[in-house]
Amino acid sequence: VDSRTLAEAKVDAGTLVHGNLRWRVVILPKTDTLPRAAWENLSRFVRSGGAVIALGALPQNSEAEFPASKIQALGREMLGDAQAEPLVTAHSKGGAGVFLPAGSEGLLPVVLDGVLARDVTVHAPRSPVRATHRRIDGREVYFLINDSGKPWQGEVSLSVRGPGELWSPASATMVRTNLGERVSLDLGPYGAAVLRYPTACIPQKHAPRPGSLPNLTQRAIPDLKPAMVQGEFVKAEVNPDASHSQPERPAWHASARLTKGQVDTFMFIRFLYPEPLDLAGSECLILDAWVPAGQQPGVRLLIIVQEKDGGDFLADTGCPLSAPGRHRLFVPVSRLQLAGWSQDKDGELDLRRVSEVRIGWGGYTGTEGERIDFSVALPQTGSVAAGGY
């Protein structure tokens, strides 16, 4: 949705309406500037029962004022007194304002599930099936693809009414008719299916509950003294960090110095578990990290999860080690992908057999004598409880 559409759309009982288009949730990706009319429309939308999710930035400016105090006030009205933590603000008619600060944008799928029932539900955790929905020639058309190199079988449910049709895009033929809301699919590697129905139902909107994502349950992984691993041309040490430690949530400070420049370097804090951890059901890993002022490495904090007798699975947290201050980071487990240097029998992370968690940096060619420091608290996992926000 462009800013002009936001400014011109009508608000109707928790829905934004513009021509034939209707929205119950509006996502603002890193958006701090919109025309004043757009901000005012979004404010009316939330007050009437709609949901606005702001990622990484808060309302600050209009098209004519930089900053604009009126826009900042509208932002506080919609999103509450948002700071550095994810926050849900509930409104009287069922509206919701959700702020996901930088580092927590990966929680967007979790937040959307808390705000609105799914249009398409895949009945399998961490499924490779992706879906999109369009209205074409008066019919509701759903395009689903198996975004993996392995066959997939399973069931999906759609928010629809009336008898449906299953079409094969590969052969352009109708495969099955008289489908209900729940459909069994058999998709080959990178295979696709088209489902067509006469009517789509508006997904149910969940009642918001205020707070810091109240249906995301956070748990620390078991405490142990970490080790470290570093490259040949890195001199490093890891020590307890009393200033950032909390009861039952210790923190450690990692300090590294490059002993040679313009070579590939790395350094990681390692949490090694003699018995595998069972992290099944976790939606994300949660990190609290601190970066000191004055360093400018062109590298970001990484996390690696190792499967026992399996491979290393890597994700970029998005946290630059040149950005001073505290960073609260939410890394969806779906973002963990098999590292290029590693091998795994099926290429998929088994969260029931986690043997190691590493946090640090790598692939950096800096200058001799350069220092790279950071602190990190004992990692946590996040799992989603039943119910909306």
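Note: the structure precedes this text.
Scoring rules and cut-offs
- Residues numbered from 1 in each chain as written.
- Predicted model: local features only at pLDDT ≥ 70, side-chain atom pairs only at ≥ 80, totals over all residues.
- Heavy atoms only, no water.
- Pairing = 2+ DSSP bridges.
- Helix = DSSP H or I, 4+ residues; strand = E, 2+ residues; numbered from the N terminus.
- Axes fitted to C-alpha atoms, helices over the stretch in contact; angles between N-to-C directions.
- Contact = heavy atoms within 4.5 Å.
- Core = buried A, V, L, I, M, F, W, Y, C linked by side-chain atoms within 4.5 Å.
- Buried < 20%, exposed > 50% of the residue type's maximum accessible area, 1.4 Å probe, protein only.
- Polar contact = N/O pair within 3.5 Å; in protein donor to acceptor, adjacent residues only side chain to side chain.
- Phe/Tyr/Trp six-rings, centres within 6.5 Å; stacked < 30°, edge-to-face > 60°.
- 1 Å grid on protein atoms, 1.4 Å probe; cavity = no way out; pocket = protein on both sides within 12 Å on 5 of 7 lines; lining within 4 Å.
- Points joined across faces, edges and corners; volume = space filled by probe spheres on them.
- Nonpolar A, V, L, I, M, F, W, Y, C, P; charged D, E, K, R; others polar.
- Expected span 1.5 Å × (residues − 1).

Enquirer: I'm lost on the sheet that holds strand β4 (residues 25–29) in this one. Help?
Expert: Strand pairing in a sheet relies on backbone hydrogen bonds. The paired strands run either parallel or antiparallel. Here four strands make up an open sheet; going across it, the order is β4-β5-β7-β6 and the pairing mixed. The open sheet has two edge strands, β4 and β6 (87–90), and neither has a second partner. Neighbouring strand axes in the sheet, compared pairwise and without regard to direction, differ in orientation by 10° on average. Where β6 meets strand β7 (residues 96–100), four bridges bridge the pair, whose relative direction is antiparallel. Paired with Ala-90 across the strands is Ala-96, a residue of β7. In this fold helix α2 (residues 36–47) packs onto β4, β5 (51–55) and β7, with an angle of close to 140° to the strand it touches most, β4.

Enquirer: When you look at the nonpolar core in this model, what are you seeing that I'm missing?
Expert: Soluble globular proteins tend to bury their nonpolar side chains together. The biggest cluster of nonpolar side chains holds 41 residues, and the ones touching the most others in it are Met-267, Phe-271, Ile-303, Leu-336, Ile-359, Trp-361 and Phe-374. Sequence-distant contacts of Phe-374, defined by excluding residues within four places in its chain, comprise Trp-252, His-253, Ala-254, Met-267, Ile-269, Trp-290, Pro-292, Leu-301, Leu-321, Ile-359, Gly-360 and Trp-361. Counting 21 residues, the second largest nonpolar core, distinct from the first, contains Ala-9, Leu-16, Phe-45 and Ala-68.

Enquirer: Explain the side chain of Asp-288 to me, please; I cannot follow it from the model alone.
Expert: Position of Asp-288 relative to the elements: it lies in strand β23 (residues 284–291). Side-chain polar atoms of Asp-288 contact the side chain of Arg-249, separated by 2.9 Å. There is a polar contact of 2.8 Å between the side chain of Asp-288 and the side chain of Arg-326. When sequence neighbours within four positions are dropped, the list of residues in contact with Asp-288 reads Arg-249, Arg-326, His-327, Arg-328, Ser-375, Val-376 and Ala-377.

Enquirer: Before we go on, may I ask you to explain the environment of His-133 in this structure?
Expert: Mapped onto the elements of the fold, His-133 is located in strand β9 (residues 129–136). Among residues more than four places away in sequence, those in contact with His-133 are Asp-119, Glu-140, Val-141, Tyr-142 and Ala-200. Of the polar contacts made by the side chain of His-133, one reaches the side chain of Glu-140; its length is 2.7 Å.

Enquirer: In this structure, what is going on with the packing of aromatic side chains? I would like to understand it.
Expert: To describe a pair of aromatic rings, one takes the distance between the centres and the angle between the planes. For the structure on display, the rule yields three aromatic pairs. An angle of 85° between the planes, with centres 6.4 Å apart, marks the rings of Tyr-142 and Tyr-197 as edge-to-face. You can see Tyr-142 sitting in strand β10 (residues 139–146) and its partner Tyr-197 sitting in strand β16 (residues 192–197), a full 55 residues away along the chain. Note on accessibility: Tyr-142 and Tyr-197 belong to one class, buried. Ring geometry for Trp-252 against Phe-271: centres 5.5 Å apart, planes inclined by 70°, an arrangement best described as edge-to-face. Separated by 19 residues along the polypeptide, Trp-252 in strand β21 (residues 251–258) and Phe-271 in strand β22 (residues 265–277) bring together distant segments of the chain. Grouping residues by exposure puts Trp-252 and Phe-271 together as buried.

Enquirer: Can you help me understand unusual backbone geometry in this one?
Expert: What is expected of a backbone is that most residues other than glycine have negative phi and most peptide bonds are trans. Along the chain, Phe-66 connects to Pro-67 via a cis peptide bond; the corresponding omega equals -5°. Relative to the assigned elements, Pro-67 resides in the loop between β5 and α3 (69–79). Look at Ala-13: it is not a glycine, yet its phi comes out positive at around 50°. Its location among the elements puts Ala-13 in the loop between β1 (10–11) and β2 (16–18). Residue class for Ala-13 comes out exposed when judged on its relative accessible area of 65%. Even without being a glycine, Ala-172 presents a positive backbone phi close to 55°. Residue class for Ala-172 comes out exposed when judged on its relative accessible area of 59%.

Enquirer: It is not clear to me how the layout of surface pockets should be interpreted in this structure. Could you clarify?
Expert: Where empty space is left becomes clear once a probe the size of a water molecule has been rolled over the atoms. By volume, the second largest pocket amounts to about 230 Å³. Around the second largest pocket, the lining comprises 17 residues; the ones closest to its centre are Ala-102, Gly-103, Glu-105, Gly-318 and Leu-329. Only β25 (312–320) and β26 (325–332) provide two or more residues apiece to the lining of the second largest pocket. Of the residues contributing to the lining of the second largest pocket, the split by class is six nonpolar, five polar and six charged.

Enquirer: Is there a simple way to explain the pairing of strand β15 (residues 182–187) in this structure?
Expert: Regular strands place side chains that alternate from one sheet face to the opposite one. Side chains of β15 alternate between two faces, with Val-183, Leu-185 and Leu-187 buried and Arg-182, Ser-184 and Asp-186 left unburied. Pairing of strand β11 (residues 152–158) with β15 involves six bridges; the strand directions are antiparallel. Bridging from a neighbouring strand, Glu-155 pairs with Ser-184 of β15.

Enquirer: Help me understand the pairing of strand β14 (residues 173–179) in this model?
Expert: Across four bridges, strand β13 (residues 164–168) lies against β14 in antiparallel orientation. The partner of Trp-167 across the bridge, within β14, is Met-174. Adjacent in sequence and paired antiparallel, β13 and β14 are bridged by four residues, among which Ala-172 carries a positive phi angle near 55°.

Enquirer: In this structure, what is going on with α2? I would like to understand it.
Expert: In an α-helix, one full turn covers 3.6 residues, which means residues spaced three or four apart are oriented alike. Helix length check: α2, at 12 residues, gives a terminal C-alpha distance of 17 Å against a target of 16 Å (1.5 Å per residue), a fit within 8%. A positive backbone phi angle near 120° is found at Gly-49, which sits one or two residues after α2.

Enquirer: Looking at this structure, how should I read the environment of Leu-195?
Expert: Following the sequence through the fold, Leu-195 ends up in strand β16. Considered as a pair, Leu-195 and Leu-144 are 51 residues apart in the sequence and their alpha carbons are 8.1 Å apart. Those residues in contact with Leu-195 that lie beyond four places of it in its chain are Glu-140, Val-141, Tyr-142, Leu-144, Leu-158, Glu-165, Leu-166, Leu-179 and Val-183.

Enquirer: Sorry if this is basic, but what is going on with the sheet that holds strand β24 (residues 300–307) here?
Expert: Pairing is antiparallel across the open sheet formed by six strands, whose spatial order is β19-β22-β28-β24-β25-β27. Since the sheet does not close on itself, it has two edges, and those belong to β19 (227–230) and β27 (337–338), each with one partner. One ladder, built from two bridges, connects β25 with β27; its direction is antiparallel. Residue pairing in the sheet places Phe-313 in a bridge with Leu-338 of β27.

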